[in-house]
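A structural walkthrough
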Amino acid sequence: MFRFMRKEWLPRRATKETRLGLGSGPEVRGRPATGVTISLAARARLAATVNQQISIPVTLRYSRTDPLAVHIDFPAVVSLDGQDMTWSFARELLASGLRRPSGIGDVRIWPSGHAYTVIEFRTPEGKAAAKFDTPVLDRFLSRSCALVDRGRENLGPALEASLAALLDGV
């Protein structure tokens, strides 16, 4: 939970992956190997009160092993339980939200002028909004598209790995 929120914050937790920069891993036919993850350090401004924003470091992540999703890692310092938290949502939602208000579920994204993009995170217990510099999100989206083109995500290996983990070798 973010320290300034009144209600409990229940983000989706993700396991920590090896974070490799784009092109820093082995390559297959000129493209990074399957498990490569790109990450980009960024700053988010969290709305603490009506007139106060807290600037925090976050990490934007994208992996070829989970081609439809993007992930935002928040530091433990903003959480009441003292643990890092990760929110995961559709890459297409991020792309759409940079241009127009998007999302109807627990993540909503909209442009705030030309310079900023707001990402709102919702749970039944509360919500929080983070403001990002739009050029940073654009750069991250472009880097993810360089890794896996939009519309060309191959779910076969990711789906098989997820099913194997779910069934635990059954």
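Everything here concerns the structure above.
From a predicted model like this one, the values you see are computed outputs, not experimental measurements. (Residues numbered from 1 in each chain as written. Predicted model: local features only at pLDDT ≥ 70, side-chain atom pairs only at ≥ 80, totals over all residues. Heavy atoms only, no water.)

**Comments concerning the overall build of the protein**
Broken down by element type, the protein carries 3 helices and 9 strands. The linear arrangement of helices and strands in the protein, starting from the amino end, is β-β-β-β-β-β-α-β-β-β-α-α. Classification of the 170 residues of the protein by burial places 40% in the buried group. Look at the contacts in the protein between residues 6 or more apart in sequence, and 49% of them connect residues 24 or more apart. In the structure as shown, the protein presents an accessible area of about 9,500 Å², 55% of it carried by carbon and sulfur atoms. (Helix = DSSP H or I, 4+ residues; strand = E, 2+ residues; numbered from the N terminus. Buried < 20%, exposed > 50% of the residue type's maximum accessible area, 1.4 Å probe, protein only. Contact = heavy atoms within 4.5 Å. Areas by Shrake-Rupley, 256 points an atom, 1.4 Å probe, with all protein chains shown as cover.)

**Digging into the packing of aromatic side chains**
For the coordinates displayed, the defined rule picks out 2 aromatic pairs. Ring centres 5.5 Å apart and planes at 90° place the aromatic pair Phe74 and Phe121 in the edge-to-face group. Residue Phe74 is found in strand β5 (residues 69–74), and its partner Phe121 is found in strand β8 (residues 116–123); the two are separated by 47 residues along the sequence. A relative accessible area of 0% places Phe121 in the buried class. (Phe/Tyr/Trp six-rings, centres within 6.5 Å; stacked < 30°, edge-to-face > 60°.)

**Some words on the sheet that holds strand β3 (residues 37–49)**
Pairing between sheet strands relies on hydrogen bonds along the backbone, with the strands arranged either parallel or antiparallel. Pairing within the open sheet is antiparallel, and its 7 strands lie in the order β6-β5-β4-β3-β9-β8-β7. Two strands close off the open sheet at either side, each with one partner strand: β6 (85–90) and β7 (107–112). Between one strand axis and the next, the sheet turns by 30° as a mean value, whatever way the strands run. By the bridge criterion, 6 bridges tie β7 to β8 in an arrangement that is antiparallel. Bridge pairing in β8 places Ser112 opposite Tyr116. Contacting β3, β4 (52–63), β5, β8 and β9 (126–133), helix α2 (residues 134–147) runs over the sheet at an angle of about 150° to β3. (Pairing = 2+ DSSP bridges. Axes fitted to C-alpha atoms, helices over the stretch in contact; angles between N-to-C directions.)

**Focus on the side chain of Arg45**
Here Arg45 is to be found in strand β3. Here the side chain of Arg45 touches Asp133 through a polar contact of 2.7 Å, side chain to side chain. When sequence neighbours within four positions are dropped, the list of residues in contact with Arg45 reads Gln53, Ile54, Ser55, Tyr116, Ala129, Ala130, Lys131 and Asp133. (Polar contact = N/O pair within 3.5 Å; in protein donor to acceptor, adjacent residues only side chain to side chain.)

**A few points about the environment of Ala47**
With respect to the secondary-structure elements, Ala47 resides in strand β3. Its relative accessible area of 38% is what places Ala47 among the partly exposed residues. A sequence separation of 81 residues divides Ala47 from Ala128, and the C-alpha atoms of the two residues are 7.2 Å apart.

**Some remarks on α2**
Three or four residues apart is the spacing at which side chains of an α-helix point the same way, because the helix has 3.6 residues per turn. Across its 14 residues, α2 extends 20 Å between first and last C-alpha, which sits within 8% of the 20 Å expected from 1.5 Å per residue. Residues Thr134, Val136, Leu137, Phe140, Leu141, Ser144, Cys145 and Leu147 constitute the buried set of α2. (Expected span 1.5 Å × (residues − 1).)

**Considering the pattern of salt bridges**
When the charged atoms of two side chains lie near each other, side chains of opposite charge can form a pair. Per the stated rule, a full pass over the model turns up 3 salt bridges. Here Arg61 makes a salt bridge to Asp73, at a shortest N to O gap of 2.6 Å. You can see Arg61 sitting in strand β4 and its partner Asp73 sitting in strand β5, a full 12 residues away along the chain. Taking relative accessible area as the criterion, Asp73 reaches 5% and is therefore assigned buried. (Salt bridge = Lys/Arg side-chain N within 4 Å of Asp/Glu carboxyl O.)

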